[in-house]
Amino acid sequence: PQYPMFSVEMPIPPVKEPKLVTTNPANGREMRYYEIEIQGFSKQVYPGLSEAEFVGYDGISPGPTIRVPRGVESVVRFVNNANQNNSVHLHGSFSRAAFDGWAEDMTQPGEYKDYYYPNRQSGRTLWYHDHAMHLTAENAYKGQAGMYIIDDEAEHALNLPEGDYDWPMILASKQFNADGTLAPATGLFFGDVIHVNGEPWPFANVEPRKYRFRFLDAAVTRSFGLYFANSEDLTTRIPFQVIASDSGLLEHPVETELLYISMAERYDVVFDFSGLAGQTIDLRNLAGQVGGIGTDTDYDNSDKVMRFHVAEETENNEPDNSDVPENLRSVPYPTPTDMEPKDFVFNRTNNVWTINGARFSDPVGRLLANVSTGTVQRWRLINTGAGWTHPIHIHLVDFRIISRTNTGAQGTGRDIMPYETGLKDVVWLGRQETVVVEAHYAPFPGLYMFHCHNLIHEDTDMMAAFNTTVLPD
Ligand code: C2O
Ligand code: CU
């Protein structure tokens, strides 16, 4: 059905209040306890048509944003009031294995699980989402995703835009039936309806000043090439600054006019509306399969994302005193290793998605790497195919992208993008590309997952395990 573009105001997910604030008796740190219910809800998306059924954290989608200061610990009780199993993963957190959302560690309807998070990492934009075995795509598509932000004093000291000017921007794409109900996630798909913070093609009112936008691609299967332009002149892109990626701040802001973002990646951007008072600015997505970088299907309106109406003046005419300093931080890269990288090939074997020919549902073959806790390793991620791209996520670690090489005639020829030079936990592995990443496998021993974050690929079975608990022979 036809949707009225830019007609609904973009919501900002509410910030979750802890139910209890206490002290961890073991280490004296402040500890916050939260309770989130996984709950079905219906919502009228298309005016005049039937309601669509979703399942979200606290019965909303995206779920509430959890914000914790760095070093404050948290326990989140996820109560399963839905009719399907779940497992919750806090993406980007170095959680202990027992709280990392292992796909088979599922919580059944009517039960709950308490997840403990250390929040000891530097300031960053994390997100929590479902990770249940073979159900991740469906659960996330129906709404089980939310943002989780670690606030860091060191970031606050930089005087970046904050508070009312620091917005989650959670992208997704979905598909609806002619009667307005949600089309199933099975047999997907790129989705033709682009959502930001849970609303299709919304609008937002902004002041002529700087904003920090925390972009997250929470789509099941859709990558974006994001750019800003005046709605009356879409050919002139307006540059902006990328200040952070998955694992926190970059060394220096990177100015760009186009930002590629694939599933599960996060980029924090500062966009300055100050010279644009009174204008209408559109956030767009590159058409033509993300400008030839992706393999995503284009639809009539998949090149549109949202619209900003810029006010004539800032509120109470207050000056914008925020800043984007040239030095953001010194990034704690892993100490380089000269090891020969371990190879992981992401492709299709016998009609299923595999890593080195292994499927996650094969309990024996899926353990593809042993890594001693505390060591630095290089992994070579290989996509020999030209039909698909794979955003690859490694749990537990932050990695540095060492190289991206084109290996075939249908490759994109893309190099490491300037905004991919910080620390990340997802890398977009393009067609016929090989990417080498380097990470410090710490701090915890345990069995962790790595996988393609195209949730259809992940569910069908492009996921494997590595073990940082290595016993001597
Ligand atoms: Cu965002 Cu293993 O997941
Ligand atoms: Cu994939």
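Just so you know, these numbers come straight off a predicted model, no measurement behind them.

Caption draft 1: A look at the confidence of the model for the chain. Per-residue pLDDT for the chain averages 96, and the proportion of residues at 70 or more is 99%. What the predictor reports for the complex is a pTM of 0.98 with an ipTM of 0.98.

Caption draft 2: Expanded view of the sheet that holds strand β9 (residues 145–151). Strand order in this open sheet of four strands is β4-β9-β8-β6, and the pairing throughout is mixed. Edge positions in the open sheet fall to β4 (66–69) and β6 (88–91), since each of these has one partner strand only. The sheet shows a mean angle of 20° between the axes of neighbouring strands, taken without regard to direction.

Caption draft 3: Just the pairing of strand β18 (residues 248–256), in detail. Pairing of strand β17 (residues 240–245) with β18 involves five bridges; the strand directions are antiparallel. For Gln241, the partnering residue across the bridge sits in β18 and is Glu255. Counted along the chain from β17 to the antiparallel partner β18, the turn is two residues long.

Caption draft 4: How the structure looks around the environment of Glu53. Tracing the chain through its elements places Glu53 in strand β3 (residues 52–57). Assessed through its relative accessible area of 52%, Glu53 is described here as exposed. C-alpha of Glu53 to C-alpha of Phe41: the two residues are 12 residues apart in sequence and 6.0 Å apart in space. Beyond its immediate chain neighbours, meaning those up to four positions away, Glu53 contacts Phe41, Ser42 and Leu182.

Caption draft 5: The arrangement of the layout of surface pockets in detail. There is about 310 Å³ of room inside the largest pocket. Lining the largest pocket are 17 residues, and of these Phe94, Pro332, Asp398, Leu423 and His440 sit closest to its centre. Partitioning the lining of the largest pocket into residue classes produces nine nonpolar, three polar and five charged.

Caption draft 6: Representation of the coordination of the copper ion (ligand 2). Only His390 (ND1), Cys452 (SG) and His457 (ND1) from the protein coordinate the copper ion (ligand 2), and they sit 2.0 to 2.1 Å from it. Between the donor residues of the copper ion (ligand 2), the gaps in sequence give the motif H-x61-C-x4-H. Of this pair, His390 sits in strand β27 (residues 390–394) while Cys452 sits in strand β31 (residues 447–452), and the two are 62 residues apart along the sequence. Exposure class is identical for His390 and Cys452. Each is buried.

Caption draft 7: Quick look at empty space enclosed by the protein. Enumeration over the complete set of coordinates arrives at four cavities of 30 Å³ or more. Here the largest cavity defines a volume of roughly 130 Å³. Ser61, Ile170, Ala172, Lys174 and Ala218 are the residues nearest the centre of the largest cavity, which is lined by 17 residues in total. If you tally residues by element for the lining of the largest cavity, the top one is strand β10 (residues 166–174), at five residues. A breakdown of the residues in the lining of the largest cavity according to their chemical character gives 10 nonpolar, six polar and one charged. Counted as a void, the second largest cavity has a volume near 60 Å³. Every residue along the wall of the second largest cavity is listed here: Phe41, Lys43, Val45, Phe54, Ser61, Lys174, His195 and Gly198. Tallied by class, the residues present in the lining of the second largest cavity amount to three nonpolar, three polar and two charged.

Caption draft 8: Representation of the nonpolar core in the model. Phe213, Phe215, Phe228, Phe273 and Phe308 are the most contacted members of the largest nonpolar core, which totals 63 residues. Per-element accounting of this core gives the leading share, five residues, to strand β15 (residues 224–230). Excluding its chain neighbours within four sequence positions, the residues that come into contact with Phe215 are Met169, Leu171, Leu226, Phe228, Leu259, Ile261, Glu265, Arg266, Tyr267, Val269 and Leu283. In terms of nonpolar packing, the next biggest core, distinct from the first, is built from 28 residues, Phe94, Ile355, Trp379 and Tyr448 among them.

Caption draft 9: Geometry of the packing of aromatic side chains. Going through the model one piece at a time under the given rule, you end up with 39 aromatic pairs. Between Tyr3 and Tyr46, the ring centres sit 5.2 Å apart and the planes meet at 90°, which makes this aromatic pair edge-to-face. Placement of the pair is Tyr3 in the segment before β1 (20–23) and Tyr46 in the loop between β2 (30–43) and β3, with a sequence separation of 43 residues. The same class applies to Tyr3 and to Tyr46, which are both buried. Considering the side-chain rings of Trp167 and Phe213, the 5.7 Å spacing of their centres and the 45° angle between planes classify their relative orientation as tilted. A residue pair is termed long-range when its members are at least 10 positions apart, and Trp167 in strand β10 and Phe213 in strand β14 (residues 210–217) qualify at 46 residues. The same class applies to Trp167 as to Phe213, namely buried. Each residue in the set Tyr165, Trp167, Tyr211, Phe213, Phe215, Phe228, Phe240, Phe271, Phe273 and Phe308 is aromatic and connected to the rest through ring pairs, giving one cluster. Above the plane of the ring of Tyr165 lies Arg209, whose end atom (NZ or CZ) is 3.5 Å from the centre.

Procedures and definitions
Residues numbered from 1 in each chain as written. Chains lettered and ligands numbered in written order. Predicted model: local features only at pLDDT ≥ 70, side-chain atom pairs only at ≥ 80, totals over all residues. Heavy atoms only, no water. pLDDT = per-residue confidence, 0-100. Pairing = 2+ DSSP bridges. Helix = DSSP H or I, 4+ residues; strand = E, 2+ residues; numbered from the N terminus. Axes fitted to C-alpha atoms, helices over the stretch in contact; angles between N-to-C directions. Buried < 20%, exposed > 50% of the residue type's maximum accessible area, 1.4 Å probe, protein only. Contact = heavy atoms within 4.5 Å. 1 Å grid on protein atoms, 1.4 Å probe; cavity = no way out; pocket = protein on both sides within 12 Å on 5 of 7 lines; lining within 4 Å. Points joined across faces, edges and corners; volume = space filled by probe spheres on them. Nonpolar A, V, L, I, M, F, W, Y, C, P; charged D, E, K, R; others polar. Donors = N, O, S within 2.8 Å, 3.2 Å for Na, K, Ca; no water. Core = buried A, V, L, I, M, F, W, Y, C linked by side-chain atoms within 4.5 Å. Phe/Tyr/Trp six-rings, centres within 6.5 Å; stacked < 30°, edge-to-face > 60°. Lys NZ or Arg CZ within 6 Å of the ring centre and 35° of its normal.

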